[in-house]
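In case you want the letters, here they are:
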Amino acid sequence: MFERLQTLEERYEKLNQLLADPDVIGNPKKLRDYSKEQSDLQETVAVYRNYKKTIDELNDARTMLDDRMDAGMKEMVHDEIGRLEVQKASFEEQLKRLLIPKDPNDDRNVIVEIRGAAGGDEAALFAGDLFKMYSRYAEQQNWKTEIVDASPNEIGGYKEIVFMVTGKGAYSKLKYENGAHRVQRVPETESGGRIHTSTATVAVLPEAEEVEVELNDKDIRVDRFASSGPGGQSVNTTMSAIRLTHIPTGIVVSCQEERSQIKNKEKAMKVLRARVYDKYQKEAQAKYDSTRKSAVGSGDRSERIRTYNFSQNRVTDHRIGLTIHQLDQVLNGKLDEIINALILNDQTKKMEQADAR
C-alpha cells in the first residue's frame with residue numbers, strides 16, 4: 001500500500017510541474033486531463049503527507065523517552081504517543097478508503113428515470129413524490145435538474161418522468177437509488193382508510209460522452225409528433241416533440257418538454273446515448289463477472305431497495321437495514337443520512353475484499 005502511495009505522491013508532484021508547462025497550458029485537452037488527474041489525487045496525497053508527518057512525530061516522541069525523565073514528563077510523552085498512535089490509525093483507515101478503485105462514472109452528470117409500477121394512480125403519485133424528493137436533494141447539493149420527458153396523469157402524478165441532474169459527483173451519490181421503491185400509505189382516493197402498497201422504479205444512468213458511444217445517424221429513426229399532456233390530449237399544434245429509436249438495440253427515447261424541436265432532439269440524444277452506454281456497459285460487465293452483486297444492490301430495477309411507510313413516518317433501506325423515522329424530511333430531500341450510510345457500506349465491503357486478497 002505504501003509503495004503505491006509513494007508512487008501517487010510522485011505522480012502528483014509531476015502533475016504540478018506539467019500544469020506549469022507552457023506547452024500544456026496551451027493545450028486545452030492536456031490541461032483539462034492533467035487538472036482532473038491532479039484533483040483526483042489531491043486528497044489522497046494530503047492524507048498521506050499527514051500520515052508521514054505523524055509517523056515522524058511518533059518516532060521523535062518514542063526517542064524522547066528516557067529512564068532519567070521524571071514521572072510527570074514521562075506521563076506527558078506517553079500521552080503524546082497515545083494521541084499520535086490513534087491519529088496514525090485514523091490516517092491508515094482513510095488511506096485504505098482513498099485507495100479503493102474509484103467508479104469511473106462517479107463524477108458524471110446523470111439521467112434519472114422514474115416510473116410508476118404496481119398500484120395504478122397511487123404508484124404514479126408516488127413517482128411524483130420521488131421526483132420532488134430528488135429535485136430538492138439536488139438543490140441542496142447545488143446541482144441543476146432539467147426535465148427531459150414526462151407523462152403526467154390527471155391527478156398530479158407521473159406514469160413516467162425522465163430528468164437530467166447536472167453537477168459534480170451526481171452519479172457518485174444518486175447511483176445508489178437504482179431499484180424498486182415501495183410506499184405504504186392510505187391513498188387520498190381510499191374512503192375506508194386502508195393502507196395500500198404501491199411501487200415505483202428508479203433508474204440512474206451516467207451521462208455518456210459522444211466519444212464513448214458513437215451513434216450513427218443511419219442507426220437512429222427519428223419521429224416527430226405534437227406534444228401531449230395528461231390523458232394524451234395534444235397541447236401543442238406544432239410537431240416539436242421527438243421520438244428517437246436506436247435500431248440496433250431497440251431503445252426508444254421521447255422528449256417533448258421544449259417548444260423547440262432542435263432542443264428536444266438534443267435532450268433526447270443525451271438520454272439515448274446514456275441508455276445505450278448503460279446497456280453496453282452492463283453487457284460487458286456481465287461477460288467478466290456474471291455473479292457480481294454488492295450489498296448496496298446490483299442496480300437491478302426489479303430489486304426492492306427501500307420502503308416509505310407514511311403511518312409510521314418511517315423510511316427503511318433494506319440493503320443495509322437502516323431505518324429512519326423522519327419520512328417527511330426524507331421526502332423533502334434530506335437524503336444525506338441514507339446515501340452516506342450506503343456509501344460507507346459500499347466502501348467497507350470493498351476494503352474487506354481488498355484485505356482478503
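Residues numbered from 1 in each chain as written. Predicted model: local features only at pLDDT ≥ 70, side-chain atom pairs only at ≥ 80, totals over all residues. Heavy atoms only, no water.

A. Structural view of the packing of aromatic side chains. On inspection of all chains with the given rule, the structure shows five aromatic pairs. When the centroid spacing of 5.3 Å and the interplanar angle of 65° are considered together, the rings of Phe126 and Tyr308 count as edge-to-face. Here the residue Phe126 occupies a position in helix α5 (residues 121–140), and Tyr308 occupies one in strand β9 (residues 304–309), the gap between them amounting to 182 residues. The residue whose ring lies beneath Arg185 is Phe310, and the NZ or CZ to ring-centre distance is 4.7 Å. Above the ring of Phe225, the side-chain terminus of Arg243 is found at 4.4 Å from the ring centroid. (Phe/Tyr/Trp six-rings, centres within 6.5 Å; stacked < 30°, edge-to-face > 60°. Helix = DSSP H or I, 4+ residues; strand = E, 2+ residues; numbered from the N terminus. Lys NZ or Arg CZ within 6 Å of the ring centre and 35° of its normal.)

B. Main features of the nonpolar core. Judged by nonpolar contacts, the single largest core of 37 residues is most densely connected at Ile114, Leu130, Tyr134, Val165 and Tyr308. Ranked by residues supplied to this core, first place goes to α5 with eight residues. Not counting the four nearest positions on each side in its chain, Leu130 is found in contact with Ile114, His181, Ala200, Val202 and Tyr308. Membership of the second largest hydrophobic core comes to 21 residues, among which are Val213, Leu215, Val271 and Leu272. (Core = buried A, V, L, I, M, F, W, Y, C linked by side-chain atoms within 4.5 Å. Buried < 20%, exposed > 50% of the residue type's maximum accessible area, 1.4 Å probe, protein only. Contact = heavy atoms within 4.5 Å.)

C. Broad picture of the packing of helix α1 (residues 2–18) against helix α3 (residues 28–64). Closest axis-to-axis distance for the α1/α3 pair is 9 Å, and the angle between their directions is 130°. Judged by the inter-axis angle, α1 sits oblique to α3. Between α1 and α3 lies a crossing of left-handed hand. For the pair formed by α1 and α3, the contact residues are Phe2, Leu5, Gln6, Leu8, Glu9, Arg11, Tyr12, Glu13, Leu15, Asn16 and Leu18 on the first element and Tyr34, Glu37, Gln38, Leu41, Gln42, Thr44, Val45, Tyr48, Arg49, Tyr51 and Lys52 on the second. For the contact of α1 with α3, a count of residues per class yields eleven nonpolar, five polar and six charged. (Axes fitted to C-alpha atoms, helices over the stretch in contact; angles between N-to-C directions. Parallel < 35°, antiparallel > 145°, perpendicular 65-115°, else oblique. Left-handed = near helix turned anticlockwise from the far one by under 90°. Nonpolar A, V, L, I, M, F, W, Y, C, P; charged D, E, K, R; others polar.)

D. The side chain of Glu207, seen in detail. Positionally, Glu207 belongs in the loop between β5 (196–206) and β6 (220–225). There is no salt bridge for the buried Glu207, and the closest opposite charge comes from Lys270, which lies 4.3 Å off by N-O distance. Not counting chain neighbours up to four residues away, the residues in contact with Glu207 comprise Arg108, Asn109, Val110, Met164, Lys270 and Ala274. (Lys, Arg positive; Asp, Glu negative; His and termini not counted. Salt bridge = Lys/Arg side-chain N within 4 Å of Asp/Glu carboxyl O.)

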